[in-house]
Amino acid sequence: REPLLEIRDLKTYFPFNTGFGKDKKGNVHAVDGVSLDVYPKETLGLVGESGCGKSTLARSVIRIENVTEGSIKFMGQDITHLSKDQLRPIRKNIQIIFQDPYSSLDPRMPVGKIVEEPMLVNGVTDPEERRQRAIDMLAKVGLREYVYDRYAHEFSGGQRQRISIARSLILMPKLVLCDEAVSALDVSIQSQILNLLNDLQEELNLTYIFISHAMNVIRHVSKRVGVMYLGKIVELAPTQELFENPQHPYTKALLSAIPVPDPGKAQNRIVLEGDLPSPKNPPNGCRFHTRCPYRKEICEQEEPEYREVCPGHFAACHFCEQLQK
Ligand code: SF4
Ligand code: MG
């Protein structure tokens, strides 16, 4: 099967002034060598602490951020360095849904116009067609026609997220990047929106990259999961495999932090030392070594290879095999 999206050794750096001398520039290594294939109609989850580069990765894919190195292929076409004009026909096929549906919806524009706007930019010139398509899409996300003339601030967080989903899907994209799309919502509303996204995926043949810091949400929605740490994917596997047979110490730590519902069952909690290091100056060797309870000398010097530890299961740790169990 051909991947819909192929990311190869992607690096997105942000220059900053180190403050030492006037020409001393450093780089924030926000995304630092990510390779990833995403297949049609799957949901690939990306999980990791805030600041690990998940959002920057998504923003690089839709080219809100400029890529420093590496490549992004979408539907077989290299889109890494396309100009804004060259990107327009492609951007219609890649959409993003953000965490905060309020700030992404223009408060002065009626909901109908918000949903229609991408069609205006993409040459749907007939106002009646735009209106009908907007009303149809609002219905698909569970909103009735009266919403068309109202304003976003009149609605609850969950309804606003439905409106921004309608706007994201109005051009029938292939790939949708959900960046903490349910993180701002109450738990009961979260599951409604997750179910909606799932139904829409079936109906419209969507492919999702689903970004969240919440392991339980990622587990619920994803077919495969990638775990990010300081700009890199440290582990990637089919969802059940990742949760039942984690290989990387960082993944194990994230999983051990999820409370076990059965209080009688002993929990092997792995407590991480220290804070997330700065992506301005990531540690040498294995980036996780400053916090890893299993580190050995080699970890400070040599970067572990990201390799297939069993079929479809990738991890970057010198000692994966030895750490089993
Ligand atoms: Fe820990 Fe070393 Fe594995 Fe890195 S390579 S995760 S420091 S054991
Ligand atoms: Mg983020």
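One can find the structure itself at the top, above this paragraph.
Residues numbered from 1 in each chain as written. Chains lettered and ligands numbered in written order. Predicted model: local features only at pLDDT ≥ 70, side-chain atom pairs only at ≥ 80, totals over all residues.

A. Geometry of the site of ligand 1. The environment of ligand 1 is formed by 13 residues, the closest being C286, C292, R295, C299 and C317. Taken together, the residues that form the shell around ligand 1 break down as 9 nonpolar, 3 polar and 1 charged. (Near = placed C-beta within 6 Å. Nonpolar A, V, L, I, M, F, W, Y, C, P; charged D, E, K, R; others polar.)

B. Structural context of the pairing of strand β11 (residues 307-310). Inspection of the sheet shows β11 paired to strand β12 (residues 313-315) by 3 bridges, in the antiparallel sense. Along β12, the bridge assignment pairs C310 with H313. Taking the residues between adjacent antiparallel strands as the criterion, β11 and β12 are bridged by 2 residues, where G312 takes a positive phi near 75°. (Pairing = 2+ DSSP bridges. Helix = DSSP H or I, 4+ residues; strand = E, 2+ residues; numbered from the N terminus.)

C. View of the nonpolar core. V115, A166, C178, I209 and V227 are the most contacted members of the largest nonpolar core, which totals 79 residues. At 6 residues, strand β2 (residues 25-38) tops the list of elements feeding residues into this core. (Core = buried A, V, L, I, M, F, W, Y, C linked by C-beta atoms within 7 Å. Buried ≥ 20, exposed ≤ 12 C-beta atoms within 10 Å, placed from the backbone.)

D. Here's a closer look at the environment of Q240. Along the chain, Q240 falls in helix α8 (residues 239-244). Its 11 C-beta neighbours within 10 Å are what place Q240 among the exposed residues. Through-space distance from the C-alpha of Q240 to that of S71 is 29 Å; in sequence the pair is 169 residues apart.

E. Local environment of the sheet that holds β2. Strand order in the open sheet made by the 4 strands is β2-β1-β4-β5, with antiparallel pairing throughout. Lying at the two open borders of the sheet, with one neighbouring strand each, are β2 and β5 (77-78). Inspection of the sheet shows strand β4 (residues 69-74) paired to β5 by 2 bridges, in the antiparallel sense. Residue K73 lies in a different strand from β5, and its bridge partner there is D78. Of the strands in this sheet, β1 (5-17), β2 and β4 touch helix α1 (residues 54-61), which is tilted by about 70° from β2. (Contact = placed C-beta atoms within 7 Å. Axes fitted to C-alpha atoms, helices over the stretch in contact; angles between N-to-C directions.)

F. Focus on the packing of helix α5 (residues 157-169) against helix α6 (residues 187-204). Following both chains from N to C, one finds α5 and α6 inclined at 20°, their axes separated by 10 Å at the closest point. When the axis of α5 is compared with that of α6, the two are roughly parallel. For α5 against α6, the interelement crossing comes out right-handed. Residues G157, G158, Q161, R162 and L169 of α5 pack against I189, Q192, I193, L196, L200 and L204 of α6. For the contact of α5 with α6, the residue count by class is 6 nonpolar, 4 polar and 1 charged. (Parallel < 35°, antiparallel > 145°, perpendicular 65-115°, else oblique. Left-handed = near helix turned anticlockwise from the far one by under 90°.)

G. Representation of the sheet that holds strand β3 (residues 43-47) within the structure. Read across the sheet, 8 strands follow the order β6-β7-β8-β3-β9-β10-β12-β11 without closing on themselves; strand pairing throughout is mixed. Either end of the sheet is taken by a strand with one partner, and the two such strands are β6 (94-97) and β11. Adjacent strand axes in the sheet meet at a mean angle of 25° when their direction is disregarded.

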